[in-house]
Every structure is written in structure tokens, then in C-alpha cells.
Amino acid sequence: MTTHYIVRADNPYAHLISIEMQVSVTDQSVLSLWQPVWIPGSYLVRDFNKNIIGLSAIDEQGNSLAIDQSRKNQWQVNCSTAKKVVVSYQIYAWDLSIRSAHFDQFHCFFNGTSAFMAVAGREAEPVTVELAKPNHACADHWEVATTMPRNGANKWGFGQYRADNFDALIDYPVEYATFSKSSFTVHGIEHDIVVSGIHDCDMERLAKDLAPICQLQIDTFGDAPFDQYLFMTQATDNQYGGLEHRDSTALICPREELPSAGEKDISDNYLNYLTLCSHEYFHSWNVKRIKPASFHPYDLDQESYTRQLWWFEGITSYYELLFVSRAGLIDQQQALDYLAKKLTRVTRMPGRHQQTVEESSFNAWTKFYQQDENAPNAIISYYTKGYFIAFALDAAIRQRTNHKQSLDHLLVALWENYGKPHIGVPEGAIELLAKQVIDCDLTDIFEQGLRQTDDLPLAPLLAGIGAKLSQRPATSFTDWGGKGDEQPKRWLGANIASDPLGAKLTHVLTNSPAMQAGLSTGDVIVAADGLKVNNTTLIKRLQRHEAPVHVIAFRRDVLIEADVPFALAPIDTCLLSADDSDLVKTWLGV
Ligand code: ZN
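About the thresholds
- Residues numbered from 1 in each chain as written.
- Predicted model: local features only at pLDDT ≥ 70, side-chain atom pairs only at ≥ 80, totals over all residues.
- Heavy atoms only, no water.
- Helix = DSSP H or I, 4+ residues; strand = E, 2+ residues; numbered from the N terminus.
- Buried < 20%, exposed > 50% of the residue type's maximum accessible area, 1.4 Å probe, protein only.
- Contact = heavy atoms within 4.5 Å.
- Areas by Shrake-Rupley, 256 points an atom, 1.4 Å probe, with all protein chains shown as cover.
- Polar contact = N/O pair within 3.5 Å; in protein donor to acceptor, adjacent residues only side chain to side chain.
- Salt bridge = Lys/Arg side-chain N within 4 Å of Asp/Glu carboxyl O.
- Disulfide = S-S within 2.5 Å.
- Pairing = 2+ DSSP bridges.
- Axes fitted to C-alpha atoms, helices over the stretch in contact; angles between N-to-C directions.
- Patch = residues over 30% accessible without salt bridge, like charges linked within 9 Å, V, L, I, M, F, W, Y side chains within 5 Å.
- Expected span 1.5 Å × (residues − 1).
- Phe/Tyr/Trp six-rings, centres within 6.5 Å; stacked < 30°, edge-to-face > 60°.
- Parallel < 35°, antiparallel > 145°, perpendicular 65-115°, else oblique.
- Nonpolar A, V, L, I, M, F, W, Y, C, P; charged D, E, K, R; others polar.

## Some details on the overall build of the chain
At step 1: What the chain contains, in helices and strands, is 16 helices and 27 strands.
At step 2: In terms of overall dimensions, the chain has C-alpha extents of about 85 × 65 × 50 Å along its principal axes.
At step 3: For the chain, buried positions account for 56% of its 590 residues.
At step 4: At a minimum sequence separation of 6, the contacts of the chain that also span at least 24 residues come to 69%.
At step 5: Element-wise, carbon and sulfur atoms account for 49% of the exposed surface of the chain, whose accessible area totals about 23,700 Å².

## Thoughts on the environment of Gln308
At step 1: Inspection of the secondary structure assignment puts Gln308 in the loop between α4 (268-282) and α5 (309-326).
At step 2: By relative accessible area, which is 3% here, Gln308 ends up buried.

## Side note on the side chain of His107
At step 1: Tracing the chain through its elements places His107 in the loop between β8 (101-103) and β9 (108-110).
At step 2: Here the side chain of His107 touches His102 through a polar contact of 2.9 Å, side chain to side chain.
At step 3: Of the polar contacts made by the side chain of His107, one reaches the side chain of Glu175; its length is 2.7 Å.
At step 4: Filtering out sequence-adjacent residues up to four positions away, His107 remains in contact with Leu96, His102, Trp142, Glu175, Tyr176, Ala177, Ser196 and Gln234.

## Describing the pattern of salt bridges
A side chain with one charge can pair with a side chain of the opposite charge if their charged atoms come near.
At step 1: For the coordinates displayed, the defined rule picks out 26 salt bridges.
At step 2: As a salt-bridge pair, Arg246 and Asp171 come within 2.8 Å of each other at their nearest N and O atoms. Of this pair, Arg246 sits in the loop between β18 (241-244) and β19 (248-254) while Asp171 sits in the loop between α2 (166-169) and β14 (174-177), and the two are 75 residues apart along the sequence.
At step 3: One salt bridge in this structure joins Arg451 and Glu447, with 3.1 Å as the shortest N-O distance. One end of the pair, Arg451, and the other, Glu447, are both in helix α12 (residues 443-451), four residues apart, so they sit about a helical turn from each other.

## Considering the state of the cysteines
At step 1: Scanning the model with the defined rule gives zero disulfides in all.
At step 2: A disulfide-free cysteine, Cys138 has its sulfur positioned 9.6 Å from the sulfur of Cys108, the nearest such atom.
At step 3: By relative accessible area, which is 22% here, Cys138 ends up partly exposed.

## Here we look at helix α11 (residues 429-437)
At step 1: Within α11 the residues assigned to the buried category are Ala429, Ile430, Glu431, Leu433 and Ala434.
At step 2: Considering only its buried residues, α11 is in contact with α5, α10 (407-419) and α12.

## Quick look at the sheet that holds strand β15 (residues 180-186)
At step 1: One open sheet accounts for five strands, arranged β15-β16-β17-β19-β18; its pairing is mixed. Strands with a single pairing partner mark the edges of an open sheet, and in this sheet they are β15 and β18. Strand-to-strand twist across the sheet, computed as the mean angle between neighbouring axes with direction ignored, equals 15°.
At step 2: Pairing between β15 and strand β16 (residues 189-196): seven bridges, direction antiparallel. Note that in β16 the partner of Ser183 across the bridge is Asp192.
At step 3: Along the sheet, α4 contacts β16, β17 (228-236), β18 and β19; its crossing angle with β19, the most-contacted strand, is approximately 160°.

## Quick word on the sheet that holds β8
At step 1: Spatially, the four strands line up as an open sheet ordered β8-β9-β14-β12, and their pairing is antiparallel. Looking at the sheet topology across the chains shown, the edges are occupied by β8 and β12 (143-145). Taken over all neighbouring pairs, the strand axes of this sheet differ in orientation by 15° on average, direction set aside.
At step 2: As paired strands, β8 and β9 are joined by three bridges and run antiparallel to one another. Within the sheet, the bridge partner assigned to Ala101 lies in β9 and is Phe110.

## Structural notes on a nonpolar patch on the surface
At step 1: A cluster of nonpolar residues, Ile53, Tyr92 and Trp94, forms a patch on the protein surface that exposes about 290 Å² of accessible area.
At step 2: Mapped onto the elements of the fold, Tyr92 is located in strand β7 (residues 84-92).
At step 3: The class for Tyr92 is partly exposed, based on a relative accessible area of 35%.

## Considering the pairing of strand β5 (residues 67-71)
At step 1: The pairing of β5 with strand β6 (residues 74-78) spans four bridges and is classified as antiparallel. Paired with Gln69 across the two strands is Trp75, which belongs to β6.
At step 2: Count of turn residues in the β5/β6 antiparallel hairpin: two residues.

## Description of the side chain of Arg398
At step 1: For Arg398, the location among the structural elements is in helix α9 (residues 384-400).
At step 2: A polar contact is formed between the side chain of Arg398 and the backbone oxygen of Thr586, at a distance of 3.4 Å.
At step 3: If sequence neighbours within four positions are ignored, Arg398 has contacts with Arg326, His403, Gln405, Ser406, Ile465, Thr586 and Trp587.

## Structural notes on α4
At step 1: The end-to-end C-alpha separation of α4 is 21 Å, in line with the 21 Å expected for 15 residues at 1.5 Å each.
At step 2: The buried fraction of α4 is high, at 12 of 15 residues.
At step 3: For α4, the set of buried residues is Tyr270, Leu271, Tyr273, Leu274, Thr275, Leu276, Cys277, Ser278, His279, Glu280, Tyr281 and Phe282.

## A short note on the environment of Asn73
At step 1: With respect to the element layout, Asn73 can be found in the loop between β5 and β6.
At step 2: Since its relative accessible area comes to 0%, Asn73 is described here as buried.
At step 3: Each C-alpha atom of the pair Asn73 and Lys50 lies 8.8 Å from the other, and the pair is 23 residues apart in sequence.
At step 4: Dropping the residues within four chain positions of it, Asn73 is found in contact with Leu33, Trp34, Gln35, Val37, Asn49 and Asp301.
At step 5: Of the polar contacts made by the side chain of Asn73, one reaches the side chain of Asp301; its length is 2.7 Å.

## Some thoughts on the packing of aromatic side chains
At step 1: Applying the stated rule across the entire model yields 38 aromatic pairs.
At step 2: Measuring from centroid to centroid gives 5.7 Å for Phe226 and Tyr281, while their planes differ by 65°, and the two rings are edge-to-face. A residue pair is termed long-range when its members are at least 10 positions apart, and Phe226 in the loop between α3 (203-221) and β17 and Tyr281 in helix α4 qualify at 55 residues. Just as Phe226 is buried, Tyr281 falls in that class too.
At step 3: When the ring of Trp310 is compared with that of Trp311, the centres are 5.8 Å apart and the planes differ by 90°; the resulting orientation is edge-to-face.

## Thoughts on the packing of α5 against helix α6 (residues 332-347)
At step 1: Contact geometry of α5 with α6 gives a least axis separation of 10 Å together with a crossing angle of 170°. It follows from the interaxial angle that α5 and α6 lie roughly antiparallel. Of the residues in α6, those touching α5 at Ser317, Glu320, Leu321 and Ser325 are Ala335, Tyr338, Leu339 and Lys342.
At step 2: Looking at side-chain class alone, the contact of α5 with α6 contains four nonpolar, two polar and two charged residues.

Read these as geometric descriptors, not functional statements.
Put into C-alpha cells, the structure is as follows:
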């Protein structure tokens, strides 16, 4: 008898989702249950059990059964003579992200890692799920978006679903809402798109733009590892993110990033969203199937360590744009500007000299996912540095094999050797495979890129593929690279935000003028050169002359005075241009 779950979302105002779990027991006196503490794809122990309320259990007669708790996420139900155990609990769903659960009168979104407990020892068994129609009036017109296999339910309908095992069950995010929908078919596979929340997205345009991106990704790998795919997007004011799943992705984005009716070009905002879709879709191969050996299977009870996230996130971050440009959706310079801005995200981080990308990956759980105000000085992102390495590898392979091979070859070899046969990628295996399938030596790039903290020599590598990398000082606080023709500005070396009193420092970079003046994160600058300032006027005051600027600030309630020395913005902002446009076209597709 399979375990059966019933999900009831009847209490939107309290943000409570009720779960009933029906488990058959035979000759056991104790039923052990556990819940994941993290969700695959997001490397932080989130302790989903903290949101469980009112756990109880009864037998088939309705008699209460005692429950012992042995760990934060493990419970034992004393079932002695029971033949069937019904476990009930509620989850508090008030995390508006794609990693947990969120439920109100506008929608209900949940991941299985937040909602479901597993029966210990029976994780491999199939399970059935009833997604009960909510009895609250707000849900009258709601539909269901999920790729969980239907077991009698209609498409988009409430009712009966199933999953092959617990691992599958927690890999089908579910959303109930009133959706905007569109769809397209590539390689005979139906792809659905749903958007919830207030938005004015041109859904047909979205389908038209996503189709060639998906088509090209399947073409590159040779086959699709799913027989359906669902893009789920929550349109919000300013949240941003995506999480990959086996045949769907859960996305959240600012509503301005979705294309409006009549919009013709691909704005930078829309490009952000398209590359997010491209990124998560690419993960269907790279991390969902080609995955670190330590994720085979996932240990959802504790942290799972790997030094390879630079590959799984960095390479994915690199290809997210490549498939948009290869699809012909943007022009060559727009693609180069996007790539240049990503490079700046590495060259502007002093922390890249403190931590290798392998260390960044290994410590994702405590450092990358738990960044504090000193993070830019202390760590490097395995996304951005991994992206930098992908860029260097692709350029080197193209240059050194006289354009006969590219990073695509290594990617496809990983798919054939590890992804398709479901073999985890051991530490070091990517470099070994590169030695076998790539007809040039890449030792220098792997060694320097993965295990050292100085910058890879990207400019000469890019010259070999027709692109020119140059750097210039930032021209404003929001200048992340690409085209920029304003004069360089005086540098403060701190990020600032508005504050009721003035300008609040949110990060202070190592060796910056702000640090040299003794200013720290959290300080609020209230006056500069004797004049009251806020976060906008402080920048203007700094640009008035090249002498030190006298500032008055508060650190908590202590008044401090400091002289900020003059320094020009460092040359850390990247530009890419095409020296040989035809050669760049063989790389970017445009
Ligand atoms: Zn990713």
C-alpha cells in the first residue's frame, strides 16, 4: 500500500496548509518519519521543520498515537497494533520565494521539501497525492500548475496525483492561482508557461522567444531528459530568482522584466528574465542529471559538500546568454555587453583574491548562502568566478583547437558519460574528461582558475576568438560595464543606501577611500563638506573637487568625523567589443 498525502489549502489568511499523510503499517511497532532540511539547488540548511505546527497521529479507529521526536526533523509514531496511521500537521507558508512555501488569498505555492514528510525506509516506494480544491471563496477560479504526474486529475485541475518515489515527489513544485498561460512545442515536447501575480506579460511573445532557446539546448545535448516542461513564474515587485527541477522550474521576478504587449525589442529587463529561463532550463541537464557524485543521491538530512559548483552554476551562467544569442534574439553588441557586465561582477570583488572557486563551492552552505556585510572582501561567488572560468575555457578551446572544438564538446561528453547513465561526477572528473575529449591542453586554466586566486588572463584568450576585452573605471554606482562614455568618477569604495538620517553604508570594500577614512558598514553619513547629504547628494558632493571630503556620520548613536581621501574609481569595469565580427559570430551565433 502506498503512502497517500492529502494537501488542503483552506486557510489563506493564516497562511496554513494542512497535510494529511495516510500510511499503511504491517508488522512494525514504530513508524519513523523525517523531513528534508534543505532543497536541492539551494545550498543552505533551511530547517523546513520549523514551519510545522500541530503534528498528531491516529490509527484507523481514530485513537491517538504517541509521537516521539528524536531530532529536529525526525519523528517516531508509536503504532503498536495499528494497521493504518494517519499523520496530520500544518505548515506555515509565508516565505515569498521559490525555495519554500507561500499561501495567501492570491495564490498558494509550495515545494515538496516544505510540505511532505517521508516514511523512513520507504523513500523508494511510489506515493499518491490529493491536491484538494480549497474551500475558500478566493480559490473559486484557481487552477493547479505542476508537472507532478496526474493520477486522475485533469490538466490544470485539483484532484489525484502521484509520484514514483519521495525524491520525485519533492521535485515537483506546485502552485495554485489564476494563471496567464501559453505553450509551445519543440522536439515534440510540450512546454507550458504560467505566470501568476499582477502583470501585463505578452504571453504569446514569451512562448515565441523561449521556443528557440529550448530547441537549441535540446539540439546541443542531443536529446531532452523529460517528456514535458513547465516554466512557472510569480510576478512580484522586486523578488528575483529561479530554482531548477527535473521537468519544471519555479521562477520569481519583478513584473517589469516580463515583456509587455507591443514591446518589440529585448530590453535589459526582459533579457534578465529570458536568461533566467534559459539558465534554469539548462540545469535540466547540468545539475539535475549531470550532478556531483555527492548528490547521488541527495543527503537531505544535512549539508552535502562538493567543490564542483563552479561548473554547475558557472557554466550554466555562461550558457544562459549563449542560447539567447544563438537563438538570434539579441544582436552581437547586446550579447557582448551582457557578458562584460558579468565579468565586472568578478573584477570588482576584492574577495576573489581571498577564496578559490573550489573553496567557494565547498563552503556555499556557510559563506555564499550566508553573506554578511564583509562578503565582497572575503569570498568570491562560484557563479560569477565559475562563469569567468567557463568563458576562459571556451575561448581557450576554440583558440587552441583552431576553432574545431568548443566548450560544447566537454559539456556533451559530460552528458554522455555521466548524465545519461545516471553516474555522479566525482571530484576532478571534469578535468580528466577534458583531457580525453578536448584536443588541447587546458591544465593552465583549470589549475589557475580553480585552485588559485589571481585573475585568469582572459584578454589574450578572447583575442583568439575575435573579441577585445578592455577595462575602464566605473562611471557611476550602477555602472556594471558594457558601453559607457561618461567621465570616470571619484571613488568612495562603499555601497550606499538611503536612510532617514542620510546615506547608509551597506558594504565597505577593502583598501577603499571609505575604509581608509575609518568608515564602516552601518555608518550613516549625514553631512559632507559641512552640508547635509542623503544617498543621492553625497555622490554629488564627492564629485565637486579632488581634495579630501570631510564627512560627519553616526555609528549607532556615536557621532564620528572623517576625511575621505581622493581616489579615482579603479579600472575594474569590463567592456567587450568585436575585433573580428565574423569570428565572434561563430561563438555567439550573432
Ligand atoms: Zn543555477
